[in-house]
Amino acid sequence: MTSDKDLKTLIIEGIHERKGHGVTIIDLSDIETAAASQFIIAEGNNPNQTAAIAESVGEYVRKNSGVKPYNVDGENTGDWVIMDYGHTWVHIFLPETRVRYNLEELWSDAPVSHVADLD
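Here the residue numbering is sequential within each chain, running from 1 through the sequence in written order. Local features in a predicted model are, by the rule used here, given only for residues with pLDDT of at least 70; side-chain atom pairs are given and counted only at 80 or more, and totals for whole chains, interfaces and linings are based on all residues. Note that the side-chain values use all heavy atoms of the structure and ignore hydrogens as well as water.

## Some remarks on the side chain of His16
Part 1 of the argument: Secondary structure follows DSSP: runs of H or I at least 4 residues long count as helices, runs of E at least 2 residues long count as strands, and numbering of each begins at the N terminus. Take His16: it is sitting in helix 1 (residues 4–17).
Part 2 of the argument: Contact between two residues is taken to exist if any of their heavy atoms lie within 4.5 Å; hydrogens are not considered. Once you skip the residues sitting within four places of it in the chain, His16 turns out to touch Val23, Val115, Ala116 and Leu118.

## Observations regarding the pattern of salt bridges
Part 1 of the argument: Definition used for salt bridges: Asp or Glu carboxyl oxygen within 4 Å of a side-chain nitrogen of Lys or Arg. Per the counting criterion, the structure on display carries two salt bridges.
Part 2 of the argument: The partner of Glu43 in a salt bridge is Arg98, with the nearest N and O atoms 3.1 Å apart. Highlighted residues: Glu43 in strand 2 (residues 38–43) and Arg98 in helix 3 (residues 95–101), separated in sequence by 55 residues.
Part 3 of the argument: Here the term buried applies to any residue with accessible area under 20% of the maximum for its type, exposed to any over 50%, and partly exposed to those in between, with areas from a 1.4 Å probe on protein chains only. Take Glu43: its relative accessible area is 14%, and that puts it in the buried class.
Part 4 of the argument: For Arg98, a relative accessible area of 9% translates into the label buried.

## Examining the environment of Glu59
Part 1 of the argument: Mapped onto the elements, Glu59 comes out in helix 2 (residues 47–65).
Part 2 of the argument: For Glu59, a relative accessible area of 37% translates into the label partly exposed.

## Re the side chain of Arg98
Part 1 of the argument: In protein, a polar contact requires one atom able to donate a hydrogen and another able to accept it; more generally it is a pair of N or O atoms within 3.5 Å, and residues adjacent in sequence count only if both atoms are side-chain atoms. Polar side-chain contacts of Arg98 include one of 2.9 Å to the side chain of Thr24.
Part 2 of the argument: A polar contact of 3.1 Å, which involves the side chain of Arg98, links it to the side chain of Glu43.

## Looking at unusual backbone geometry
Part 1 of the argument: Positive phi values are uncommon outside glycine, yet Lys19 reaches one of about 60°.
Part 2 of the argument: Mapped onto the elements of the fold, Lys19 is located in the loop between helix 1 and strand 1 (21–27).
Part 3 of the argument: In this model, Asn102 sits at a positive phi of 40°, which is unusual for a non-glycine residue.
Part 4 of the argument: Along the chain, Asn102 turns up in the loop between helix 3 and helix 4 (103–106).
Part 5 of the argument: Assessed through its relative accessible area of 34%, Asn102 is described here as partly exposed.

Here it is in structure tokens:
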């Protein structure tokens, strides 16, 4: 069984595999009304890259833990891809879509941490 911490690490590694950046983790575990325990947010530079990041996350997590997302949506448009791993949801945005929905501000009562970009 993969722990939430291990899953988070694998997701972030999958994001970095395709040069996703701006990785932010929102810890929603203490918010009763939240649909998940954590959101992992990242962005790509264009729709092809966001789709490639989502594909990389799915393959990387499955290869290293055997875990598959329950659902993936948005890979056809590429402006916002969401991957549902149960307690963990992955949001991969285009920069302008990320600003528009501003999940970090929407969930501002939850602890937020940032992951350094790989150069």
